[in-house]
Amino acid sequence: MSTIRLPPLPSIRDILKIYHLKAMKELSQNFILNQNLADKIIKKAGVLSDCHVLEIGPGPGALTRSILKSQPKQLIVVEKDKRFEPTLEMLVDAFAAVNGKMEIIFDDIMKINMNNLFPSTEMKAWTENCPRIKLIGNLPFNVSTPLIIKLLHAISEKRSAWTFGKTRMTLTFQKEVAERIIAQPLDKQRCRLSVMAQTWTRPILHFIIPGTAFIPKPKVDVGLVTFIPLTVPRTKHEFTIFEKVTRHIFSFRQKYSIRGVETLFPLEYRTELAQMMYKLADLNPQTRPIELTIENIDNLISAYKHLLKKHPDIELYDYRTSRRIVSLSHSKDIEIVECVD
């Protein structure tokens, strides 16, 4: 990977002292101080020269420096914490000195629409190779799971950064979360996140970073994961219903998988309809959640959608927060009655 030499800059440790910056616990901030480690992380993101890169949560800028040294065509950083404005502006000036282009957006990544961040000339068909666009980030632990679910949803609908094609992401996660993302059937770490990630992408766990590499030191180690969008997803179903059924299946991970499926339905018809789902999917109700393949779950969702066609108001039922339950009459017509449980 070709690199450039940026103008002399204070070290990240010195930057933190100069601007009296401390990680905010409420934002789950953990900073990387070792520039060699930052270089190693960025190397796993692939060739960045002539690419448009979006960095999520740059903080004081350790990964940012490594990205800039790799000569991207453009770097956009999205940072929620405005305390880092002076340190990031310093990097803007340093990159401009070598004719580079860096932009800072102070906003919440959960609210950002990436459609307008990259030039339309970078668009590629979904069947082509990945576009020259990369997403990179050392994610705060408190946002990592909801954010990756949000990004996977965007991948499934080919919007936001995926309007441009099969954009790759390289992100850090708490070690246990990283291991769940890549967990295969029968792995004890297998969960909803495993299924969702592997249905629309091929996730790769590159290596584990010891917690001692961060300031302040987190109680856990950190995993670096790259997500490569699949040309053909492993389901024909839309993301929302796929996530809903998968979430219910894994809500009772230690029990038979039908226990979670039952919670899709009102109490008085729960056993009957859940059994029917497994019969339609040609699956054993006593299969454990971690034993189910993506194809098994896909078949269960097909069965669930078949039942929704016959009884559409079942979809209104919410096991966790429902204030109303769906009650089926003896004639199989559906009516809504108030919840008393």
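Residues numbered from 1 in each chain as written. Predicted model: local features only at pLDDT ≥ 70, side-chain atom pairs only at ≥ 80, totals over all residues. Heavy atoms only, no water.

- In the annotation of an unreviewed UniProt entry, the protein chain is listed under the name rRNA adenine N(6)-methyltransferase and assigned to Apis cerana cerana.
- Turning to the protein chain, the UniProt record has this under Subcellular location (unreviewed entry): "Mitochondrion".
- Heading Sequence similarities (unreviewed entry) of the UniProt record for the protein chain holds this comment: "Belongs to the class I-like SAM-binding methyltransferase superfamily. rRNA adenine N(6)-methyltransferase family." (UniProt positions renumbered as here; feature names shortened; annotations may be inferred.)

### Considering the overall build of the protein chain
- Across its full length, the protein chain carries 11 helices and 11 strands.
- Buried positions account for 51% of the 341 residues belonging to the protein chain.
- In the protein chain, of all internal contacts separated by at least 6 residues, the share reaching a separation of at least 24 is 68%.
- Roughly 16300 Å² of accessible area belongs to the protein chain as shown, and the carbon and sulfur atoms make up 50% of that amount. (Helix = DSSP H or I, 4+ residues; strand = E, 2+ residues; numbered from the N terminus. Buried < 20%, exposed > 50% of the residue type's maximum accessible area, 1.4 Å probe, protein only. Contact = heavy atoms within 4.5 Å. Areas by Shrake-Rupley, 256 points an atom, 1.4 Å probe, with all protein chains shown as cover.)

### Considerations on the nonpolar core
- Leu54, Met114, Phe173 and Phe265 are the most contacted members of the largest nonpolar core, which has 66 residues in total.
- Both domains that meet at this core, namely domain 1 (12-229) and domain 2 (239-320), each give it at least three residues.
- Every residue in contact with Phe173, bar those within four places of it in the chain, is listed here: Leu139, Phe141, Ser144, Ile148, Ala178, Ile181, Asp221, Val222, Gly223, Val225 and Phe227.
- Core analysis: the next-biggest nonpolar cluster, separate from the first, contains 33 residues, Leu6, Met102, Ile136 and Ala213 among them. (Core = buried A, V, L, I, M, F, W, Y, C linked by side-chain atoms within 4.5 Å. Domains from an automatic or database assignment.)

### A look at the UniProt feature "binding site: S-adenosyl-L-methionine" (unreviewed entry) in the protein chain
- Sites flagged by UniProt as "binding site: S-adenosyl-L-methionine" (unreviewed entry) map to Asn30, Ile32, Gly57, Glu79, Asp108 and Asn138.
- Of note, Asn30 is situated in the loop between helix 1 (12-18) and strand 1 (31-32).
- Residue Asn30 is classed as buried on the basis of its relative accessible area, which comes to 17%.
- With near-sequence residues (within four places) excluded, Asn30 lies in contact with Asn138, Phe141, Phe214, Ile215, Pro216 and Pro218.
- Looking at where Asp108 falls in the secondary structure, it is placed in the loop between strand 4 (102-106) and strand 5 (133-138).
- Taking relative accessible area as the criterion, Asp108 reaches 17% and is therefore assigned buried.
- Only 2.9 Å separates the side chain of Asp108 from the backbone nitrogen of Met110, close enough to count as a polar contact. (Polar contact = N/O pair within 3.5 Å; in protein donor to acceptor, adjacent residues only side chain to side chain.)

### Focus: the pattern of salt bridges
- Counted by the stated rule, this structure contains 14 salt bridges.
- Where Lys69 meets Asp39, a salt bridge forms, and the shortest distance between an N and an O atom there is 3.1 Å. On the criterion of sequence distance, the pair formed by Lys69 in helix 3 (residues 62-69) and Asp39 in helix 2 (residues 35-43) is long-range, its members being 30 residues apart.
- Across the pair Glu122 and Arg132 runs a salt bridge, and its minimum N-O distance is 2.8 Å. Of this pair, Glu122 sits in the loop between strand 4 and strand 5 while Arg132 sits in the loop between strand 4 and strand 5, and the two are 10 residues apart along the sequence.
- Salt bridges linked by common partners bring Asp50, Glu122 and Arg132 together as one network. (Salt bridge = Lys/Arg side-chain N within 4 Å of Asp/Glu carboxyl O.)

### Side note on the pairing of strand 9 (residues 222-229)
- Within strand 9, 8 of the 8 residues are buried, which leaves the element mostly enclosed by the surrounding structure.
- Alternating residues of strand 9 divide into Val222, Leu224, Thr226 and Ile228 and Gly223, Val225, Phe227 and Pro229, and every residue in both groups is buried.
- Inspection of the sheet shows strand 6 (residues 168-174) paired to strand 9 by 6 bridges, in the antiparallel sense. Along strand 9, the bridge assignment pairs Met169 with Phe227. (Pairing = 2+ DSSP bridges.)

### Describing helix 11 (residues 294-310)
- Taking 1.5 Å per residue, 17 residues should reach 24 Å; helix 11 reaches 25 Å between its end C-alpha atoms and fits that length.
- Against helix 7 (192-200), helix 8 (239-249) and helix 10 (270-281) lie the buried residues of helix 11. (Expected span 1.5 Å × (residues − 1).)

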